[in-house]
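Working through the structure, step by step
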Amino acid sequence: MRTYEIMAIISPDVDDRQLQPIVDKYSQRLVAEGATVDNVDIWGRRHLAYPIDKKTEGHYVVCTVTAEPAAVTEVDRLMSIDEQILRTKVLRTDA
């Protein structure tokens with residue numbers, strides 16, 4: 001098992017009340033794959049450096065997880081399909 005940091009930028013069209021269920025959906029998916037979610041940090045709405053899909057803002061969420069590489073790859077794939085998520089970035093924190 002390795003430690004990963006997953007950053008996601010969620011569309012600004014998503015209401016604040018809908019943000020937590022989206023985060024919970026992917027956290028539960030990671031747990032179902034055998035991972036442990038160590039920390040979830042919601043940074044809130046931030047201005048983007050450049051427009052993505054004609055949007056200039058997004059909700060930033062950073063999750064620290066301990067998981068197998070296959071579990072993180074699957075969740076990253078599912079997040080890239082989701083239209084509510086603009087971008088994702090997965091980093092392996094242990095080297």
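Before any of the text, the structure's been laid out above.
Below: a short report on this structure. What you see is a predicted model, and the numbers here were worked out from it, not measured in a lab.

Across nine bridges, strand β1 (residues 2-10) lies against strand β3 (residues 55-67) in antiparallel orientation. Its bridge partner lying in β3, R2 is registered against A67.

Along its 13 residues, helix α2 (residues 69-81) runs 19 Å from first to last C-alpha, staying within 8% of the 18 Å computed at 1.5 Å per residue. When we look at burial in α2, the residues that qualify are A71, V72, V75 and M79. Down the axis of α2, the smallest arc covering the buried residues is 95°, so these residues share one side. Turned more than 90 degrees away from the buried face of α2 sit A70, T73, S80 and I81, all of them exposed. Buried residues belonging to α2 abut β1, α1 (16-32), β3 and β4 (85-92).

Between its first and last C-alpha, α1 extends 25 Å over 17 residues, near the 24 Å set by a 1.5 Å rise per residue. Those residues of α1 lying buried are L19, I22, V23, Y26, S27 and L30. Within α1, the buried residues cover an arc of 130° as seen down the axis, which keeps them to one side. Among the exposed residues of α1, those oriented more than 90 degrees off its buried face are R17, Q28 and A32. Where α1 is buried, its residues contact β1, β2 (36-52), β3, α2 and β4. Count one or two residues on from α1 and you reach G34, which has phi positive near 100°.

Between α1 and α2, the shortest axis-to-axis distance is 9 Å and the interhelical angle comes to 150°. Looking at the two axes, α1 sits roughly antiparallel to α2. As for the relative orientation of α1 and α2, their crossing is right-handed in sense. Here Y26, R29 and L30 of α1 lie close against α2, whose contacting residues are A71, E74, V75, L78 and M79. Partitioned by chemical class, the residues of the contact of α1 with α2 number six nonpolar, no polar and two charged.

Another point: the environment of T73. Tracing the sequence through the fold places T73 in helix α2. Taking C-alpha positions, T73 is 27 Å from D16, a pair spaced 57 residues apart along the chain.

This part takes up the side chain of S11. Examined against the element boundaries, S11 turns out to sit in the loop between β1 and α1. Since its relative accessible area comes to 5%, S11 is described here as buried. Within the structure, the side chain of S11 is placed 3.2 Å from the backbone nitrogen of D13, a separation counted as a polar contact.

Basis of the calculations
Counting restarts for each chain, with residues numbered from 1 along the sequence as it is written. Local features in this predicted model are restricted to residues of pLDDT 70 or higher, and side-chain atom pairs are both shown and tallied only at a pLDDT of 80 or more, whereas totals for entire chains, interfaces and linings draw on every residue. Hydrogens and waters are ignored; side-chain quantities use all the structure's heavy atoms. Paired strands are those between which DSSP finds at least two bridges. Numbering of helices and strands starts at the N terminus; helices are DSSP runs of H or I of at least 4 residues and strands are runs of E of at least 2. For a helix, the expected span equals 1.5 Å multiplied by the number of residues minus one. Burial status follows relative accessibility: with a 1.4 Å probe on protein chains alone, a residue under 20% of its type maximum counts as buried, one over 50% as exposed, and anything between as partly exposed. An arc is given here, and it is the one of the directions from the helix axis to the C-beta atoms. We call two residues in contact whenever any of their non-hydrogen atoms come within 4.5 Å of each other. Here the axes come from fitting lines to C-alpha atoms, over the contacting stretch only for helices, and the angles between their N-to-C directions go from 0 to 180 degrees. Working definition: roughly parallel below 35 degrees, roughly antiparallel above 145 degrees, roughly perpendicular at 65 to 115 degrees, and oblique for all remaining angles. Note: crossing handedness is left-handed where the near helix turns anticlockwise from the far helix by less than a right angle, and right-handed where it turns clockwise. In this classification, Asp, Glu, Lys and Arg are treated as charged, Ala, Val, Leu, Ile, Met, Phe, Trp, Tyr, Cys and Pro as nonpolar, and every other residue, Gly included, as polar. Residues adjacent in sequence count toward polar contacts only when both atoms are side-chain atoms; beyond that, a polar contact is any pair of N or O atoms within 3.5 Å, and within protein one must be able to donate a hydrogen and the other to accept it.

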